[in-house]
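Coordinate inspection notes
Residues per chain are reported as follows:
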Amino acid sequence: MSSPKVQLRLNGIRKSFPGKQGPTQVLDGLTFDIHERDFVSIIGPSGCGKTTVFNIIAGLVDPDEGMLMYRGQEVDSLRGKVGYMMQKDLLFPWRTVLDNVLLGLETKGVDPRQAMDTAREYLSTFGLSGFENAYPKMLSGGMRQRVALIRTLVLDPDILLLDEPFSALDYQTRLYLEGILMEAVETFHKTVILVTHDIDEAVALSKRVVVLSQRPARVKAVHDIALNEHSPIAARSDPRFSSYFNTLCAELDIQTRASA
Amino acid sequence: MTEMAQLAKTSVRRHLRASKRRNVFDSTAGRSALQILAVVAFFLLWEVAVRMEWLNAFLVGQPSGVLHVLVSMVADGSLFVDTGYTVFEAILGFAFGTVIGSVIGLTLWYSAFVARLVEPFIAAINSVPKIALAPIIILWFGTGLTSKVALAISLTSIVALITAYQAAKDADKDLQALLFSMGASKHQIFKRVITPSTLPAIIATFRINIGFALVGAVVGEFISSQHGLGHVIYVASSLYDLNTVWAGLFTLMLVGFLFYQMVEVTEQRLLPWKQQMGGTQINV
Ligand SMILES: Nc1ncnc2c1ncn2[C@@H]1O[C@H](COP(=O)(O)OP(=O)(O)OP(=O)(O)O)[C@@H](O)[C@H]1O
Ligand SMILES: [Mg+2]
């Protein structure tokens, strides 16, 4: 196997936020690579700075130090190139399902008629045709999350940043949406960075898992996950699944003990 | 545990059913009937009280007299002319005031620097009782229509401004962040997040500003005018003609009520996403 090409490199990223008792160091020299068509999960204790990493990549927060390299070039951020799905579904309540999906295309200035066609096509691919004119408030949690996912994908971003996209859903819906995500990633050849609290989910879906330490966060370990298949159900029944699971649990044990 | 829950549920249900049975008037028709009944009873009591000389007709007027005045005002058409003047002034004042205020309030979102700079001035202007400006406004804008509209604008615009500015400041930061990460410009964020999310608050000011616009128009007419319901009321009260005063007041009340209903309809039109869906959810 040839060594994979690096798509995005985070190099020595540091960030602190001002707090009541002086600044809190959140990221302490974070360095890791994302390969082309990678699927990387980031796991780490609650509040260690995972969302902050995404905010830096998306250009919502400026790092204090360190740099981002995108395909060999130093960049400020990947604003406009990423599809960022935040911890909340963040559907616009005053927009219908269709208009929510159109949001990014409108922002990009895509021709309205073409945008409309694309949006409808995606909605039907993901089984939401017939709901174009529904308002988010009428949808179930799973459907809202699906709309948010479509809104992210329809922009055809280079990298998907998914911040605990399924954490608020029940297990069944979660498995279903994981399946949809994996299918979409295969079909559209996307690079994905997934933040999750769920080790199970990280192992099942990812090619690699980055483990962060307690705040101030550093990269504690990076694990390659060599499962035959990365689909939500098949992966969970792979014989190697549980050994990966146990390794990652052990690595996060500080947190399990503290919260026990 | 489950038995307890079951018990609680049935008792809640029984309670609900009981309360439903008790309140036969709790329907649109039932409520309207009660409301009309209350109004009729009020006027009857008033009329009786005056006829029995429990109340002095000279000081409180008399419903039959008020009705008489209204009929003659309808007959000579003056009711429609005066109502027309007041309504026209109020609508102009309301529309201009709301637009001017909302636009300024929203635009302040663009520059936190300017906003912070002018905030104390806005607070100062807001704390002035605008009615006290009426004499000056009449001096500047004359005794015609313009001065009444200007007075109504001075009342309504500041409410719209403060509300729009506050709502723009409170607009969901995450929605803005999401759009920003997609590469949106500040102007796009303004158009797609700020404006739509302030709309409910701005529409909520319609209710208050309808009242303020009428206050502006009527007070302007009190001070100096040839037409309008304010004029009618002012002249009649200086002649101790209480029945005509009441006729003007009741007409004003009706106008305010109709305006209010129009706001409700507008709100439903402009904010379809806010409508209650009766708690139903679509599930796939
Ligand atoms: N804009 C900000 N201003 C101040 N402090 C912040 C800001 N954003 C994040 N923080 C702080 O940085 C720390 C890391 O936050 P972050 O949201 O990145 O954690 P996280 O790993 O995503 O947590 P979770 O697992 O709960 O989602 C927290 O202590 C948080 O309070
Ligand atoms: Mg987070």
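None of these values were measured; they are calculated from a predicted model.

**So, the overall build of chain B**
Check the secondary structure of chain B and you find 12 helices and zero strands. In sequence order, the secondary structure elements of chain B are arranged as α-α-α-α-α-α-α-α-α-α-α-α. Counting over 284 residues, chain B shows a buried share of 38%. Residue pairs at least 24 apart in sequence account for 73% of intrachain contacts in chain B once pairs closer than 6 positions are excluded. When the accessible surface of chain B is summed, it comes to about 16700 Å², and 70% of that surface belongs to carbon and sulfur atoms.

**Structural notes on the interface of chain B and chain A**
Interfaces are frequently sized by the accessible area removed from exposure as the parts join. Contacts between chain B and chain A engage 26 residues on the former and 30 residues on the latter. Surface buried jointly by chain B and chain A totals about 2700 Å² across both partners, of which 67% is contributed by carbon and sulfur atoms. Along the contact surface separating chain B from chain A lie two salt bridges. Across the pair Lys88 of chain A and Asp174 of chain B runs a salt bridge, and its minimum N-O distance is 2.8 Å. The interface formed by chain B and chain A includes seven residue pairs in polar contact (both at pLDDT 80 or more). Every element with two or more residues in the side of chain B that touches chain A is listed here: helix 9 (173-181) and helix 10 (186-223) of chain B. If one sorts the elements of the side of chain B that touches chain A by residue count, helix 9 of chain B sits on top with seven residues.

**Some details on the coordination of the magnesium ion (ligand 2)**
Residue and element names in this part refer to chain A. Protein coordination at the magnesium ion (ligand 2): the donors are Thr51 (OG1) and Gln87 (OE1), at 1.9 to 2.7 Å from the metal. Taken together, the positions of Thr51 in helix 1 (residues 50-58) and Gln87 in the loop between strand 6 (82-85) and helix 2 (97-108) put the pair 36 residues apart, joining distant regions of the chain. The class for Gln87 is partly exposed, based on a relative accessible area of 39%.

**What about the side chain of Thr156 of chain B?**
Residue and element names in this part refer to chain B. Along the chain, Thr156 falls in helix 8 (residues 145-170). Side-chain polar atoms of Thr156 contact the backbone oxygen of Gly93, separated by 3.2 Å. Other than its neighbours up to four places away in sequence, Thr156 contacts Gly93, Phe94, Gly97, Thr98, Asn209, Phe212 and Ala213.

**Some details on unusual backbone geometry**
Between Arg215 of chain A and Pro216 of chain A the backbone carries a cis peptide bond, its omega angle lying at -5°. In this model, Glu53 of chain B sits at a positive phi of 60°, which is unusual for a non-glycine residue. Mapped onto the elements of the fold, Glu53 of chain B is located in the loop between helix 2 (28-51) and helix 3 (57-60). Positive phi, normally seen in glycine, also occurs at Tyr240 of chain B, with a value near 55°. For Tyr240 of chain B, the location among the structural elements is in the loop between helix 11 (229-238) and helix 12 (242-270). Residue Tyr240 of chain B is classed as exposed on the basis of its relative accessible area, which comes to 55%.

**Quick word on helix 2 of chain A**
Counting buried positions along helix 2 of chain A yields nine of 12 residues, so the element is predominantly enclosed. Along helix 2 of chain A, the residues that are buried comprise Val97, Leu98, Asn100, Val101, Leu102, Leu103, Gly104, Leu105 and Thr107 of chain A. Looking at the buried residues of helix 2 of chain A, the elements they touch are helix 3 (112-125) and helix 4 (141-153) of chain A together with helix 9 and helix 10 of chain B. Positive phi shows up at Gly109 of chain A, right after helix 2 of chain A, with a value of about 80°.

**Observations concerning the site of ligand 1**
Residue and element names in this part refer to chain A. Near ligand 1 lie 13 residues; those nearest to it are Lys50, Thr51, Thr52, Gln87 and Arg215. Between ligand 1 and the protein, one listed contact pairs an oxygen atom with a backbone N or O atom of Cys48 at 3.2 Å. At 2.5 Å, a side-chain N or O of Thr52 approaches an oxygen atom of ligand 1. The fraction of the free accessible surface of ligand 1 (630 Å²) that becomes covered by protein chains is 62%.

**Some thoughts on the pairing of strand 8 (residues 191-195) of chain A**
All names here are of chain A. When you tally the buried positions in strand 8, you get five out of five residues, the bulk of the element. Going residue by residue along strand 8, you find Thr191, Ile193 and Val195 tucked away on one face and Val192 and Leu194 tucked away on the opposite face as well. Of the pairings in the sheet, the one linking strand 3 (residues 39-43) to strand 8 comprises four bridges and is parallel in character. Across the sheet, the residue bridging to Ile42 is Val195, located in strand 8. In the sheet, strand 7 (residues 159-163) pairs with strand 8 via five bridges, with the strands oriented parallel. Bridging across to strand 8, Leu162 finds its partner in Leu194. In this fold, strand 7 hands off to helix 5 (residues 171-188), which returns the chain to strand 8; that crossover is right-handed.

**Describing the sheet that holds strand 1 (residues 6-17) of chain A**
All names here are of chain A. Judged by pairing direction, the sheet is antiparallel, and its four strands sit side by side in the order 2-1-4-5 without closing on themselves. A single partner strand is all that each edge strand has here, and the edge strands are strand 2 (24-35) and strand 5 (73-75). Each neighbouring strand pair of the sheet contributes to a mean axis angle of 25°, computed without reference to strand direction. Taken together, the five bridges between strand 1 and strand 4 (residues 65-70) define a ladder with antiparallel strand orientation. Looking across to strand 4, one finds that Arg14 is bridged to Glu65. Against the sheet, helix 1 touches strand 1, strand 2 and strand 4, its axis set at about 115° to strand 1.

**Notes on helix 11 of chain B**
All names here are of chain B. Leu229, Gly230, Val232, Ile233 and Ala236 are the residues of helix 11 that are buried. When helix 11 is viewed along its axis, its buried side chains cluster within an angular range of 160° and face the same direction. Against the buried residues of helix 11 lie helix 4 (63-75), helix 5 (78-107), helix 10 and helix 12. Just beyond helix 11, the residue with positive phi is Tyr240, at close to 55°.

**Section: the confidence of the model for chain B**
All names here are of chain B. Per-residue confidence for chain B averages 89 on the pLDDT scale, and 89% of its residues sit at or above 70. Within chain B, no element has a lower average pLDDT than helix 1 (residues 2-22), which sits at 56, and none a higher one than helix 5, at 96. For this predicted complex, the interface confidence score (ipTM) comes to 0.90, while the overall pTM stands at 0.84.

Conventions used here
Residues numbered from 1 in each chain as written. Chains lettered and ligands numbered in written order. Predicted model: local features only at pLDDT ≥ 70, side-chain atom pairs only at ≥ 80, totals over all residues. Heavy atoms only, no water. Helix = DSSP H or I, 4+ residues; strand = E, 2+ residues; numbered from the N terminus. Buried < 20%, exposed > 50% of the residue type's maximum accessible area, 1.4 Å probe, protein only. Contact = heavy atoms within 4.5 Å. Areas by Shrake-Rupley, 256 points an atom, 1.4 Å probe, with all protein chains shown as cover. Buried area = accessible area lost by both parts, 1.4 Å probe. Salt bridge = Lys/Arg side-chain N within 4 Å of Asp/Glu carboxyl O. Polar contact = N/O pair within 3.5 Å; in protein donor to acceptor, adjacent residues only side chain to side chain. Donors = N, O, S within 2.8 Å, 3.2 Å for Na, K, Ca; no water. Near = heavy atom within 4 Å. Pairing = 2+ DSSP bridges. Right-handed = clockwise from strand over helix to strand, strands pointing away. Axes fitted to C-alpha atoms, helices over the stretch in contact; angles between N-to-C directions. Arc of directions from axis to C-beta. pLDDT = per-residue confidence, 0-100.

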